[in-house]
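# Geometric and topological summary
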Amino acid sequence: MAGISRAIRACAAASRRTLAAASGAALPKEEAAAAGAGVRAAATGRRGRDQEDGRRVQWVFLGCPGVGKGTYASRLSQLLGVPHIATGDLVRDALATPGPFSKKLAEIVNHGKLVSDEIIINLLSRRLEEGEEKGELGFILDGFPRTIRQAEILEGVTDIDLVINLKLREEALLAKCLGRRMCSQCGGNFNVASIDIEGENGGARMYMPPLLPPPQCESKLITRADDTEEVVKERLRVYHDLVGSNCLRLPFEILACSFFLISIYLTRILNLCYL
Ligand SMILES: Nc1ncnc2c1ncn2[C@@H]1O[C@H](COP(=O)(O)OP(=O)(O)O)[C@@H](O)[C@H]1O
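Residues numbered from 1 in each chain as written. Predicted model: local features only at pLDDT ≥ 70, side-chain atom pairs only at ≥ 80, totals over all residues. Heavy atoms only, no water.

## Here we look at the overall build of the protein chain
For clarity, the threshold we go by: Helical segments are the DSSP runs of H or I of at least four residues, strand segments are the runs of E of at least two, and each set is numbered from the N terminus. Exposed residues in this analysis have more than 50% of their type's maximum accessible area, buried residues have under 20%, and partly exposed residues fall in between, with area computed by a 1.4 Å probe over protein chains only.
Counting its regular elements, the protein chain contains 10 helices and 10 strands. Residues classed as buried in the protein chain amount to 43% of the 275 residues present.

Spelled out as structure tokens, the structure:
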């Protein structure tokens, strides 16, 4: 884990320097040396981690907004005894800390756009470093990577055991996002949407009952600021644009070449006993 968080940070710094070099900016001597060190740190992180004892699962959950990756990742993390690290949660934590940075983030997130690779990599490496201090030995990542650069960094510094890409019919995604609720006290995630859609071309009917909160949470439910109809539609558009323009298919290809990737097309709630 120590190697991974250091390597992610070093790779991010190295990629910024590479971009600067590609755009014509001359690299000072010490910057060039640091870029080389970044690549070496990435390699060391990968080799070093293989030799560690007590390693736990290192999985990745991907999928478009509303597909339920957070729900499954969170349940599995409890079953497997590893932290659930959602980059969306890291962004929301940063948003909750008042200041110029959270204002800048809110401008992006509340309009349904992706935040920059640099910001997301910094937030993730800080979270991994905190985990390392607490002795965490594995993780389930949720919502990362979403760009080619993020996939390349992950591919370069980790040996992820499994990448799970969740898919769901388009009609259900908006309803699921708009049905999301969180308990402001215990942090539990629920969904009040009831999905019942006829099968396509003789395919299976899709039925997903609501995931209702227990009575003690009912009066404390809140909705995410970016789960309004307008913003959800924009997030879905951004996601499909990325897939359409190959930007998102490429990270999947990078992950599929390097790791074991499975895609699950959901027609009902997954029974986690089978995973
Ligand atoms: N890997 C990432 N790259 C860029 N932006 C991200 C990433 N992960 C999360 N975000 C930002 O945080 C927001 C919320 O993320 P998330 O909770 O994963 O929502 P979603 O339901 O859209 O999958 C995203 O709309 C985006 O602005």
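## Details of the environment of Ile-197
Locating Ile-197 in the fold gives a position in strand E7 (residues 195–197). Given a relative accessible area of 18%, Ile-197 falls into the buried group.

## What to know about the site of the ligand
Formally: Note on definitions. A residue lies near a molecule or strand when any single heavy atom of the residue is within 4 Å of it. Under the rule applied, a polar contact is a pair of N or O atoms within 3.5 Å (in protein, one hydrogen donor and one hydrogen acceptor; residues adjacent in sequence only if both atoms are side-chain atoms). Using a 1.4 Å probe, accessible areas were evaluated by the Shrake-Rupley method; residue-level cover was limited to the displayed protein chains.
Lining the immediate environment of the ligand, one finds 19 residues, of which Lys-69, Thr-87, Lys-113, Gly-143 and Arg-146 sit closest. Arg-146 is positioned with one of its side-chain polar atoms (N or O) 2.4 Å from an oxygen atom of the ligand. The contact in question runs from an oxygen atom of the ligand to an N or O atom on the side chain of Arg-235, over 2.9 Å. Relative to its unbound accessible area of 550 Å², the ligand is 97% covered by the protein chains.

## Description of the pairing of strand E1 (residues 58–63)
Looking down a regular strand, the side chains alternate between one sheet face and the other. Condition: When DSSP finds two or more bridges between two strands, those strands count as paired.
Counting buried positions along E1 gives 6 out of 6 residues, so the element sits mostly inside the fold. Residues Gln-58, Val-60 and Leu-62 point to one face of E1 and Trp-59, Phe-61 and Gly-63 to the other, with burial holding for every one of them. Alignment of E1 against strand E3 (residues 139–142), held across 4 bridges, turns out to be parallel. In the strand pairing of E3, Trp-59 is matched with Ile-140.

## Structural notes on the sheet that holds strand E5 (residues 180–183)
With antiparallel pairing, 3 strands are arranged side by side in an open sheet as E6-E5-E9. With partners counted over all chains shown, the strands left at the sheet margins are strand E6 (189–191) and strand E9 (221–222), one partner each. Note: E5 against E9, 2 bridges, orientation antiparallel. Along E9, the bridge assignment pairs Cys-183 with Leu-221.

## Structural notes on helix H6 (residues 117–133)
Formally: By this rule, a helix spans an expected 1.5 Å times one less than how many residues it contains.
For H6, with 17 residues, the first-to-last C-alpha span of 24 Å sits near the 24 Å given by 1.5 Å per residue. Those residues of H6 not exposed but buried are Ile-119, Ile-120, Ile-121, Leu-123, Leu-124, Ser-125, Arg-127, Leu-128 and Gly-131.

## What about the nonpolar core?
Test applied: Nine residue types can take part in a nonpolar core, namely buried Ala, Val, Leu, Ile, Met, Phe, Trp, Tyr and Cys, and a core is a set of them joined through side-chain atoms within 4.5 Å. Residues are treated as being in contact if the distance between any of their heavy atoms lies within 4.5 Å.
Core analysis: the biggest nonpolar cluster contains 26 residues, and Phe-61, Leu-166, Leu-168 and Leu-266 have the highest contact counts within it. Secondary structure elements with two or more residues in this core: E1, helix H3 (69–80), strand E4 (162–167), helix H8 (170–178), E7, strand E8 (206–208) and helix H9 (229–244). What Leu-266 contacts, discounting residues up to four positions off in sequence, is Val-67, Tyr-72, Leu-166, Lys-167, Leu-168, Met-206 and Met-208. Counting residues in hydrophobic clusters, the runner-up holds 23 residues, among them Leu-105, Leu-123, Ile-153 and Val-163.

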